[in-house]
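As a plain string of letters, each chain reads:
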Amino acid sequence: MSSSSALWHPQAHMPSVVDDRIVVVAGDGAYVETSDGRRLLDATAGLWHANVGHGRASIAAVAAKQMERLETYHLFGRFANEPAMRLADRVAAAGPIPDAKVFWTSGGSDAVDLACKLARRHWQHAGRTEKRTIVSRVNSYHGLHGFGTSIAGLEFNREGLGSESLIPETLRVSNTDLDAVVRSVEAYGPERIAALVAEPIQGTGGVVTPPEGYLAGIQELCRAHDILFVVDEVITGFGRAGTLFACERFGLEPDMVLMAKGITSGYAPLGGVLIAPRVWEPFFAGDDAPVFRHGLTYTGHATACVVAEENLDIIEREGLVERAAALEPVLRTALAPLADHDLVAEVRSAAGFIAGVRLEADVPGELVARTCIERGVITRVITDNVLQVCPPFVVDESDLASIAETLVESLDDVMVRA
Ligand code: PLP
């Protein structure tokens, strides 16, 4: 499975990768095809993005139609395009923040950068100039732009950059222990904190769902201390949690919600931030309203926005949020027996159509993932030696059974070889 190329891969040890690429050439539902003719069950939905599955012709059709009419037009100053406006209204109406405004981006990391900048801008404008610190959680992943790299709870992503963090004034808190979060915030000084950013279910950090009451508790802590509460729904948004947004499931009403991935299911790069009135109002009224100095050439890219509209139509038409909710217990049941395997420490499947199989620390996770791929199922190793399982919503029960079976066979295989 290799082909030589000038391509430099993200998050890759290139000497190992150049002669060992898996080149994906086509996709159909929950399956993808490689350049050497193999058909693989995509148990990771790519990078957690392919909610509606691969190979949707109707999305390609709306993209082509939009491109023929107008590829895009930027949104700087007075300019706008219709798809960006329509999609903003639709997502604002469906999202967890009443009367929200939407600022579009090109992906999740962009949304993180925007939210952190806007949080700081908000407090500077309000005259609370000491409120600059961004709080995030142990094991969190918020993409790899400047802010995301700096606030991540995954230390290895900050290695070798010449300073502890690209952006100063960050604080990490517990991802599961509410009392510990309260203690950390109070010891640090809430008057210095601009925002707290949290994934409702941590993805890349190892599929970690906090205990009951934790998320509502950190929201309350934010309210009590005038800290903006930012929920990163880049993975959980658009159905993964069994509700359109995980905020619904966990009863959250944040000041900002970050989205990407599932908004287009990967058919075009798009992200965005839902913004509560408390944050947007000062920028929308009065001659002396400040300008938020932020934006990208492709903010609200028209073709990406029509792709998102068709993706949302598919989700509605096919009842895919309900389907993800219905598949959640099926996935949990299918993976449960793995907990008894000698090489498995724990199966994480507390909430959502998403799970992680944590291998014992000394198990070669990369070898297990490679073996799964050889046996026809794509998984990968994320933080804490966890195998990622989060298939497209179009899988059926037999696909989930074969994911579980392949994991067991691959683990057995690795055990025999050890
Ligand atoms: N936030 C979360 C929770 C993510 O999982 C990711 C990507 O996996 C990002 C942000 C970054 O998104 P992107 O890779 O689209 O920039």
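Below or above, wherever it landed, is the structure these notes cover. (Residues numbered from 1 in each chain as written. Predicted model: local features only at pLDDT ≥ 70, side-chain atom pairs only at ≥ 80, totals over all residues. Heavy atoms only, no water.)

Position of Thr 72 relative to the elements: it lies in the loop between helix 3 (57-69) and helix 4 (82-94). Of the residues examined, Thr 72 reaches a relative accessible area of 11% and is grouped as buried. One polar contact links the side chain of Thr 72 to the main-chain amide nitrogen of Ala 302, over a distance of 2.8 Å. Discounting residues that sit within four places of it in the chain, Thr 72 has contacts with Asn 81, Gly 300, His 301 and Ala 302. (Helix = DSSP H or I, 4+ residues; strand = E, 2+ residues; numbered from the N terminus. Buried < 20%, exposed > 50% of the residue type's maximum accessible area, 1.4 Å probe, protein only. Polar contact = N/O pair within 3.5 Å; in protein donor to acceptor, adjacent residues only side chain to side chain. Contact = heavy atoms within 4.5 Å.)

Strand-to-strand pairing in sheets goes through backbone hydrogen bonds, with the strands running parallel or antiparallel. One open sheet accounts for 4 strands, arranged 11-12-15-14; its pairing is antiparallel. Only two strands of the sheet have a single neighbouring strand rather than two, namely strand 11 (344-348) and strand 14 (381-382). Pairing between strand 14 and strand 15 (residues 386-389): 2 bridges, direction antiparallel. Bridging across to strand 15, Ile 382 finds its partner in Val 386. (Pairing = 2+ DSSP bridges.)

When helix 7 (residues 178-188) is considered as a whole, its buried residues turn out to be Ala 180, Val 181, Val 185 and Tyr 188. Mapping the buried residues of helix 7 onto a view down its axis gives an arc of 130 degrees, with all of them on the same face. Opposite the packed face of helix 7, turned more than 90 degrees from it, sit the exposed residues Asp 179, Arg 183 and Ala 187. Where helix 7 begins, the capping side chain belongs to Asp 177, and its oxygen is found 3.1 Å from the backbone nitrogen of Asp 179. Count one or two residues on from helix 7 and you reach Gly 189, which has phi positive near 110 degrees. (Arc of directions from axis to C-beta.)

One face of the sheet, then the other: side chains in a regular strand alternate in exactly this way. Of all 5 residues that make up strand 10 (residues 271-275), 5 are buried, and the element is covered over most of its length. Across the two faces of strand 10 the burial is the same, with Gly 271, Val 273 and Ile 275 and Gly 272 and Leu 274 all buried. With 5 bridges connecting them, strand 4 (residues 101-105) and strand 10 associate as antiparallel partners. Bridge pairing in strand 10 links Val 102 to Leu 274.

Mapped onto the elements, His 74 comes out in the loop between helix 3 and helix 4. Sequence spacing of His 74 and Gly 352 is 278 residues, and the spatial spacing of their C-alpha atoms is 36 Å. Filtering out sequence-adjacent residues up to four positions away, His 74 remains in contact with Phe 79, Ala 80 and Thr 297. Within the local environment of His 74, its side chain forms a polar contact with the backbone nitrogen of Phe 76, the two atoms lying 2.9 Å apart.

In the vicinity of the ligand, the residues found are Gly 107, Gly 108, Ser 109, Tyr 141, His 142, Gly 143, Glu 199, Asp 232, Val 234, Ile 235 and Lys 261. In the model, an oxygen atom of the ligand is placed 2.9 Å from a nitrogen or oxygen of the Gly 108 main chain. For the ligand, an oxygen atom lies 2.9 Å from a polar atom in the side chain of Lys 261. Coverage of the ligand by the protein chains reaches 81% of its 390 Å² of free accessible surface. (Near = heavy atom within 4 Å. Areas by Shrake-Rupley, 256 points an atom, 1.4 Å probe, with all protein chains shown as cover.)

On to the layout of surface pockets, then. As a volume, the second largest pocket reaches approximately 920 Å³. Taken together, 30 residues form the lining of the second largest pocket, with Leu 75, Gly 77, Val 102, Phe 103 and Phe 284 sitting closest to its centre. Looking at the lining of the second largest pocket element by element, the count peaks at 5 residues for helix 4. Here the lining of the second largest pocket is composed, by residue class, of 21 nonpolar, 5 polar and 4 charged. (1 Å grid on protein atoms, 1.4 Å probe; cavity = no way out; pocket = protein on both sides within 12 Å on 5 of 7 lines; lining within 4 Å. Points joined across faces, edges and corners; volume = space filled by probe spheres on them. Nonpolar A, V, L, I, M, F, W, Y, C, P; charged D, E, K, R; others polar.)

Moving on: helix 4. One turn of an α-helix holds 3.6 residues; hence residues three or four places apart share an orientation. In this model helix 4 runs 18 Å from its N-terminal to its C-terminal C-alpha over 13 residues, within 8% of the 18 Å that 1.5 Å per residue would give. Along helix 4, the residues that are buried comprise Pro 83, Ala 84, Leu 87, Ala 88, Val 91 and Ala 92. Buried residues in helix 4, looked at end-on, bunch into an arc of 150 degrees, giving them a common side. Projecting away from the buried face of helix 4 at angles above 90 degrees are the exposed residues Asp 89 and Ala 93. On its buried face, helix 4 is in contact with helix 3, strand 4, strand 9 (256-259), strand 10 and helix 11 (302-317). For helix 4, the side-chain oxygen to backbone nitrogen distance between the N-cap and Ala 84 is 2.9 Å, and the N-cap itself is Asn 81. (Expected span 1.5 Å × (residues − 1).)

We now examine a nonpolar patch on the surface. A cluster of nonpolar side chains, contributed by Leu 70, Tyr 73 and Phe 79, occupies part of the molecular surface with about 280 Å² of accessible area. With a relative accessible area of 39%, Tyr 73 lands in the partly exposed category. (Patch = residues over 30% accessible without salt bridge, like charges linked within 9 Å, V, L, I, M, F, W, Y side chains within 5 Å. Salt bridge = Lys/Arg side-chain N within 4 Å of Asp/Glu carboxyl O.)

Another aspect to go through is the nonpolar core. Of all hydrophobic cores here, the largest spans 80 residues; its most connected members are Val 91, Trp 104 and Leu 274. The leading source of residues in this core is helix 11, at 7 residues. Composition of this core by domain shows at least three residues from each of domain 1 (14-56 + 319-417) and domain 2 (59-317). Core analysis: the second largest hydrophobic core is formed by 27 residues, Val 112, Val 197, Val 273 and Ile 275 among them. (Core = buried A, V, L, I, M, F, W, Y, C linked by side-chain atoms within 4.5 Å. Domains from an automatic or database assignment.)

Looking now at the pattern of salt bridges. For the coordinates displayed, the defined rule picks out 22 salt bridges. Arg 86 serves as the salt-bridge partner of Glu 309, at 2.8 Å between the closest nitrogen and oxygen. Residue Glu 309 is located in helix 11, and its partner Arg 86 is located in helix 4; the two are separated by 223 residues in the primary sequence. For Arg 128, the salt bridge identified is with Glu 130, shortest N-O distance 3.7 Å. For Arg 128, a relative accessible area of 27% corresponds to the partly exposed category. What makes Glu 130 partly exposed here is its relative accessible area of 32%. Among the ionic contacts, a cluster of salt bridges with common partners joins Arg 128, Glu 130, Arg 223, Asp 226, Asp 255 and Arg 278.

Read these as geometric descriptors, not functional statements.
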